[in-house]
Amino acid sequence: MNITMLYSKLHRATVTDANLNYVGSITIDQDLMDAVNMRVGQKIDIVNINNGERFSTYIISGQRGKKDICLNGAAARKVHKGDKIIIIAYASMSEAEADVYKPKIVILEEDNTIAQSFEGLI
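What counts, and at which threshold
Note that residues are indexed from 1 along each chain, following the sequence as it is written. At least 70 in pLDDT is required for a residue's local features to be given in this predicted model, at least 80 for side-chain atom pairs to be given and counted, and no such filter applies to totals for whole chains, interfaces and linings, which use all residues. Where side-chain values are given, they derive from all heavy atoms of the structure, hydrogens and water being excluded. The secondary structure listing takes helices from DSSP runs of H or I that are at least 4 residues long and strands from runs of E that are at least 2 residues long, numbered from the N terminus. A radius of gyration in this sense is built from C-alpha atoms; the matching globule rule multiplies 2.2 Å by the number of residues raised to 0.38. Relative accessibility thresholds used throughout: buried, under 20% of the residue-type maximum; exposed, over 50%; partly exposed, between the two (1.4 Å probe, protein chains only). We call two residues contacting when some pair of their heavy atoms lies within 4.5 Å. In this description, accessible areas are obtained by the Shrake-Rupley approach with a 1.4 Å probe, and a residue is regarded as covered only by the protein chains that are shown. We count Lys and Arg on the positive side and Asp and Glu on the negative side, and we leave His and both chain ends out. Lysine's charge is taken at NZ, arginine's at CZ, aspartate's at CG and glutamate's at CD. Without a salt bridge and with relative accessible area above 30%, a residue can belong to a patch; like charges are then joined within 9 Å and nonpolar side chains (Val, Leu, Ile, Met, Phe, Trp, Tyr) within 5 Å. Whenever Lys or Arg places a side-chain nitrogen within 4 Å of a carboxyl oxygen from Asp or Glu, that contact is recorded as a salt bridge.

(A) The arrangement of the overall build of the protein chain in detail. A tally of helices and strands in the protein chain yields two helices and nine strands. For the protein chain, the sequential pattern of α-helices and β-strands runs β-β-β-α-β-β-β-β-α-β-β. A compact globule built from 122 residues would reach a C-alpha radius of gyration of about 14 Å, and the protein chain, at 14 Å, matches this within 12%. Oriented by its inertia axes, the alpha-carbon framework of the protein chain measures out at about 45 × 30 × 25 Å. For the protein chain, the proportion of its 122 residues judged to be buried stands at 42%. Expressed as a percentage of contacts within the protein chain between residues at least 6 apart in sequence, the contacts between residues at least 24 apart total 77%. About 6600 Å² of surface is accessible on the protein chain, with carbon and sulfur atoms providing 49% of the total. Looking at the protein chain, you have 14 positive and 15 negative side-chain charges, and the mean spots of the two groups are 3 Å apart.

(B) Summary view of a nonpolar patch on the surface. Together, Tyr22, Val23 and Tyr58 make up an exposed nonpolar region whose accessible area comes to about 320 Å². Structurally, tyrosine 58 can be placed in strand β5 (residues 54-62). You can call tyrosine 58 partly exposed: its relative accessible area is 36%.

(C) Spotlight on the environment of alanine 89. Checked against the element boundaries, alanine 89 lands in strand β7 (residues 84-94). Residue alanine 89 is classed as buried on the basis of its relative accessible area of 0%. Setting aside chain neighbours within four positions, we find alanine 89 in contact with Met5, Leu6, Tyr7, Ser8, Met38, Gln42 and Ile44.

(D) Geometry of unusual backbone geometry. Phi is positive for lysine 67, close to 65 degrees, though the residue is something other than glycine. Here lysine 67 shows up in the loop between β5 and β6 (69-72). Residue lysine 67 is classed as partly exposed on the basis of its relative accessible area of 23%. In this structure, asparagine 112 takes a positive phi of about 70 degrees despite not being glycine. Mapped onto the fold, asparagine 112 is located in the loop between β8 (104-108) and β9 (114-119). Look at asparagine 112 and you get buried, because its relative accessible area is 1%.

And the structure:
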């Protein structure tokens, strides 16, 4: 049997833009994606800390070093520039894999620089 487990997350990311006229998804700085092993096209959940909205979308890569977190298309209606969000990725694992897997967690500063990075749940 496989179960869905937390794979990784970007915690307290600051939304840098919301682009209603772009074709769906979330743009994430490639450096931030690398820090948590997220991939282009990967399905993720987003939790908006400011308003409680929860929704799913997929990732597109942003330019390295710009620290962009931009919601695109319909998802742009669920955030405002400056909102704090949590970006959560999950993976399907066997019970044996889930018993030993440690998710990658990155906590971000106000400007989307990495404040803390660790593996496992606190």
